[in-house]
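Notes for the structure review
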Amino acid sequence: MANSFTDGKTRILAVASGKGGVGKSSVTTNLAVALARRGAAVAAIDADVWGFSMPRMLGIDRPPEVVDPDAERPLMIPPEANGVKLISMGFFAREDQPVVWRGPMLHKALEQFLTDVEWGDPDFLIVDMPPGTGDVSLSIAQFLPRAEVVVVTTPQLAAQKVAQRAAYMAKKVNLAVIGVIENMSWFRADDGTAYELFGAGGGQELADDLGVPLLGQIPLLPALREGGDDGHPIVVSDPASEASVAFARIAERIHVELAPKRIYRPELRIT
Ligand SMILES: Nc1ncnc2c1ncn2[C@@H]1O[C@H](COP(=O)(O)OP(=O)(O)OP(=O)(O)O)[C@@H](O)[C@H]1O
Ligand SMILES: [Mg+2]
């Protein structure tokens, strides 16, 4: 398999969490759109086979187009919304039918998503990972050994322990964790008071444990959930909100500060 995902141009971000419901898909979606708003070409794979929530969150309601269905390996054109091209396991499953994905099927499906989709040459490929360790993580590590893992957690110390699992998973399959995003950090009332409903400090503590930066903290915001429910990500519908500003800053840190360092080769210097 050779494409821009393997040859170095595209940065792969695998967004992981130790357990469900911490806002991984919301964070993945808004981070993808925030990167696109910075001018980056962004592709996304919704690899959370038990969740596939990204199409709805991103505002996509059509499956990929198949270019030449009779070809031996037909190419798929990924649908795009809010500047992000997306392929989701959900496009290939019926909502009313639970899918029982087994390891080899998942592996094959992921490989197809990487090779048979007309992605162009994106700057970023963001992957919404299923929670926990497992087959998908192994497949991602095998297909995309350069993937950088971002761990999402909540401020609760208990949740942070669970999120550590995602980091162990990354370590086990030899992927680099580049940072932590804390979600649901506080709720800000109309009078400006921030209420730390789920405690405080979990994101920073996990980041310290892993020796990586805490990339940002996302507040609890009803509009963020509503935006996810109706396909208008908050970073687009309300870019001035506290959550959107936090996403923009996280996108900037990943895009600029955490950009892979160029290797200095003196022999290439122009004199
Ligand atoms: N910062 C936030 N403010 C308000 N609502 C949020 C926030 N983050 C997530 N939510 C809401 O919480 C719910 C769970 O979020 P999401 O689906 O993104 O989590 P997840 O970790 O991907 O869950 P799953 O394990 O089910 O895939 C959703 O309804 C989402 O809209
Ligand atoms: Mg999800």
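Preceding block: the structure.
The notes below deal with the structure included here. Throughout this document, residue positions are counted from 1 along each chain, in the order its sequence is written. Going through the entries in the order they are written, you letter the chains from A and number the ligands from 1. For a predicted model such as this one, the threshold for reporting local features is a pLDDT of at least 70, and the threshold for listing and counting side-chain atom pairs is 80 or more; totals across whole chains, interfaces and linings nevertheless cover every residue. Just so you know, side-chain values use all the structure's heavy atoms and leave hydrogens and water out.

**Let's talk about the layout of surface pockets**
In this structure, the largest pocket occupies an estimated 250 Å³ of space. We place a 1 Å grid over just the protein atoms. Points where a 1.4 Å probe fits but has no way out form a cavity, open points with protein on both sides within 12 Å along at least 5 of 7 lines form a pocket, and any residue with an atom within 4 Å of a point lines it. Considering the residues around the largest pocket, the lining is formed by 18 residues, among which Ser26, Met184, Leu221, Leu224 and Arg225 are closest to the centre. Mapped by element, the contributors of at least two residues to the lining of the largest pocket are helix H1 (24-37), strand S9 (176-188), strand S11 (214-220) and helix H7 (222-229). By definition, any uninterrupted DSSP run of H or I lasting at least four residues is a helix, any uninterrupted run of E lasting at least two residues is a strand, and each is numbered from the N terminus. Among the elements that line the lining of the largest pocket, the one with the most residues is H7, at five residues. Class assignment of the residues belonging to the lining of the largest pocket gives a composition of nine nonpolar, seven polar and two charged. Grid points are joined across faces, edges and corners, and a volume is the space filled by probe spheres set on the points. Throughout this entry, Asp, Glu, Lys and Arg are counted as charged residues, while Ala, Val, Leu, Ile, Met, Phe, Trp, Tyr, Cys and Pro are counted as nonpolar. The remaining residues, Gly among them, count as polar.

**Points about the site of ligand 1**
Around ligand 1 sit 16 residues, and of these Gly20, Lys24, Ser25, Ser26 and Leu221 come closest. At 3.0 Å from an oxygen atom of ligand 1 is found a main-chain nitrogen or oxygen belonging to Gly21. Between Gly23 and ligand 1, the recorded distance is 3.0 Å, taken from a backbone N or O atom to an oxygen atom. Secondary structure elements with two or more residues in the shell around ligand 1: H1, S9, S11 and H7. Here, proximity means that at least one heavy atom of the residue falls within 4 Å of the molecule or strand. Within 3.5 Å is the distance limit for a polar contact, defined as a pair of N or O atoms, with the added protein rule that one can donate a hydrogen and the other accept it, and that residues adjacent in sequence qualify only through two side-chain atoms.

**Re the pattern of salt bridges**
The rule for a salt bridge is simple: a side-chain nitrogen of Lys or Arg has to be within 4 Å of a carboxyl oxygen of Asp or Glu. All chains considered together, the criterion is met by 13 salt bridges. Where Arg225 meets Asp229, a salt bridge forms, and the shortest distance between an N and an O atom there is 2.7 Å. Separated by four residues within a single helix, Arg225 and Asp229 lie in helix H7, roughly one turn from each other. Between Arg249 and Glu257 there is a salt bridge, and its shortest N-O distance comes to 3.1 Å. For the exposure calls, accessible area comes from a 1.4 Å probe over protein chains only, and a residue counts as buried if that area is under 20% of its type's maximum, exposed if over 50%, partly exposed in between. Arg249 gets classed as partly exposed once you look at its relative accessible area, which sits at 37%. A relative accessible area of 40% means that Glu257 is categorised as partly exposed.

**Regarding empty space enclosed by the protein**
In total, this model carries one cavity of 30 Å³ or more according to the counting rule given. Considered as a void within the structure, the largest cavity measures approximately 40 Å³ in volume. The wall of the largest cavity is formed by Ser17, Gly18, Lys19, Val22, Val152, Thr153, Thr154, Ala159, Val162 and Ala163. For the lining of the largest cavity, the elements supplying multiple residues, two or more each, are strand S8 (148-153) and helix H5 (157-172). Considering each element in turn, the lining of the largest cavity owes the most residues, three residues, to H5. A class-by-class count of the residues in the lining of the largest cavity yields five nonpolar, four polar and one charged.

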